[in-house]
Amino acid sequence: MGAVNGTAGALGVLRTEAGAPPLALPRAGERERTAAQAGVVTSTLSKVIAWSRYSSLWPANFGLACCAIEMMATAASRYDLARFGAEVFRASPRQADLMIVSGRVSQKMAPVLRQIYDQMPGPKWVISMGACASCGGIFNNYAIVQGVDKVVPVDVYIPGCPPRPEALLDSVLKLQKKIAAEPAYLQK
């Protein structure tokens, strides 16, 4: 890091580079000032685990209909889902912790969806993207599941037909806030 200057009153002073102006450390106890000056960061293990979980979501590829095009657009350069730590779309459910169900789920696809969800390691989260995935949409018939929450537990619902990529970005941010608030030992 760099050399450490002396203290100025109740505040410590930290110099990061030779010749750089000193930075005032926040008001804290002597231990905290000493640890900060030595370059030590303190936190609880649960906060570190929560930070690593919400900062690196790996979605599973599960695009079923037209909403999948919007999901792909969200990962492209214009909207850049990578800014939020969710750019690594995984084809294997064993490497994913987020399932984005985008589109209508047929009765024949429901067991496959559940099998893929069961193969994902815990903790795992689900985003239901679009009206068709959330409630069946305009397809009120025997062939379409009337809501993916009848097959897997859903954490965030996105309305719209099809929803815009901004809506998926917003749902990822809401999911990250939810993950940050969960205890670190929670296993779904």
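Scroll up to find the structure.
Residues numbered from 1 in each chain as written. Predicted model: local features only at pLDDT ≥ 70, side-chain atom pairs only at ≥ 80, totals over all residues. Heavy atoms only, no water.

Some details on the packing of aromatic side chains
Thinking step 1. With the rule as written, the count across this model stands at zero aromatic pairs.
Thinking step 2. Sitting over the face of the ring of Tyr117, Lys124 holds its NZ or CZ atom 4.4 Å from the ring centroid. (Phe/Tyr/Trp six-rings, centres within 6.5 Å; stacked < 30°, edge-to-face > 60°. Lys NZ or Arg CZ within 6 Å of the ring centre and 35° of its normal.)

Points about unusual backbone geometry
Thinking step 1. The omega torsion of the bond from Gly122 to Pro123 falls at -5°, within 30 degrees of zero and hence cis.
Thinking step 2. Mapped onto the secondary structure, Pro123 falls in the loop between helix H4 (110-119) and strand S6 (125-129).
Thinking step 3. Residue Pro162 is reached from Cys161 by a cis peptide bond, and omega for that bond is -20°.
Thinking step 4. Along the polypeptide, Pro162 turns up in the loop between strand S7 (156-158) and helix H6 (165-181).
Thinking step 5. A positive phi is found at Asp80, a non-glycine position, where the angle reads about 55°.
Thinking step 6. On the secondary structure map, Asp80 appears in the loop between helix H3 (67-75) and strand S5 (98-102).
Thinking step 7. Taking the relative accessible area as the measure of exposure, Asp80 reaches 28% and is therefore partly exposed. (Helix = DSSP H or I, 4+ residues; strand = E, 2+ residues; numbered from the N terminus. Buried < 20%, exposed > 50% of the residue type's maximum accessible area, 1.4 Å probe, protein only.)

Regarding the nonpolar core
Thinking step 1. Residues Leu57, Leu98, Ile100, Ile127, Met129, Leu168 and Leu175 are the most contacted members of the largest nonpolar core, which totals 18 residues.
Thinking step 2. Elements that contribute at least two residues to this core include exactly H3, S5, S6, S7 and H6.
Thinking step 3. Broken down by element, the residue count for this core peaks at five residues, all from H6.
Thinking step 4. Residues in contact with Leu98, not counting those within four places in the same chain, are Leu57, Trp58, Pro59, Ala60, Met120, Trp125, Val126, Ile127 and Leu175.
Thinking step 5. Counting 15 residues, the second largest nonpolar core, distinct from the first, contains Met99, Val101, Val148 and Val154. (Core = buried A, V, L, I, M, F, W, Y, C linked by side-chain atoms within 4.5 Å. Contact = heavy atoms within 4.5 Å.)

Thoughts on the pairing of S6
Thinking step 1. Across the five residues that make up S6, a large majority, five, are buried.
Thinking step 2. Side chains Trp125, Ile127 and Met129 of S6 all project onto a buried face; the interleaved residues Val126 and Ser128 project onto the opposite face, where all are buried too.
Thinking step 3. Crossover connection from S5 via H4 to parallel S6: handedness right-handed.
Thinking step 4. Note: S6 against S7, three bridges, orientation parallel. Counted as the bridge partner of Ile127 is Val156 from S7. (Right-handed = clockwise from strand over helix to strand, strands pointing away. Pairing = 2+ DSSP bridges.)

Overview of the side chain of Glu70
Thinking step 1. Among the secondary structure elements, Glu70 is positioned in helix H3.
Thinking step 2. No salt bridge is formed by the buried Glu70; the nearest opposite charge belongs to Arg164, separated by 4.4 Å.
Thinking step 3. Setting aside residues up to four positions removed in sequence, Glu70 forms contacts with Met129, Pro162, Pro163, Arg164 and Pro165. (Lys, Arg positive; Asp, Glu negative; His and termini not counted. Salt bridge = Lys/Arg side-chain N within 4 Å of Asp/Glu carboxyl O.)

Considering the sheet that holds S5
Thinking step 1. Across the sheet, four strands lie side by side as S4-S5-S6-S7; this open sheet has parallel pairing. Of all strands in the sheet, those with a lone pairing partner are strand S4 (59-60) and S7, marking the two edges.
Thinking step 2. Where S4 and S5 come together, two bridges link them in parallel fashion. Its bridge partner being in S5, Ala60 is matched across the sheet by Met99.
Thinking step 3. Here H6 sits on the sheet in contact with S5, S6 and S7, set at roughly 155° to S6. (Axes fitted to C-alpha atoms, helices over the stretch in contact; angles between N-to-C directions.)

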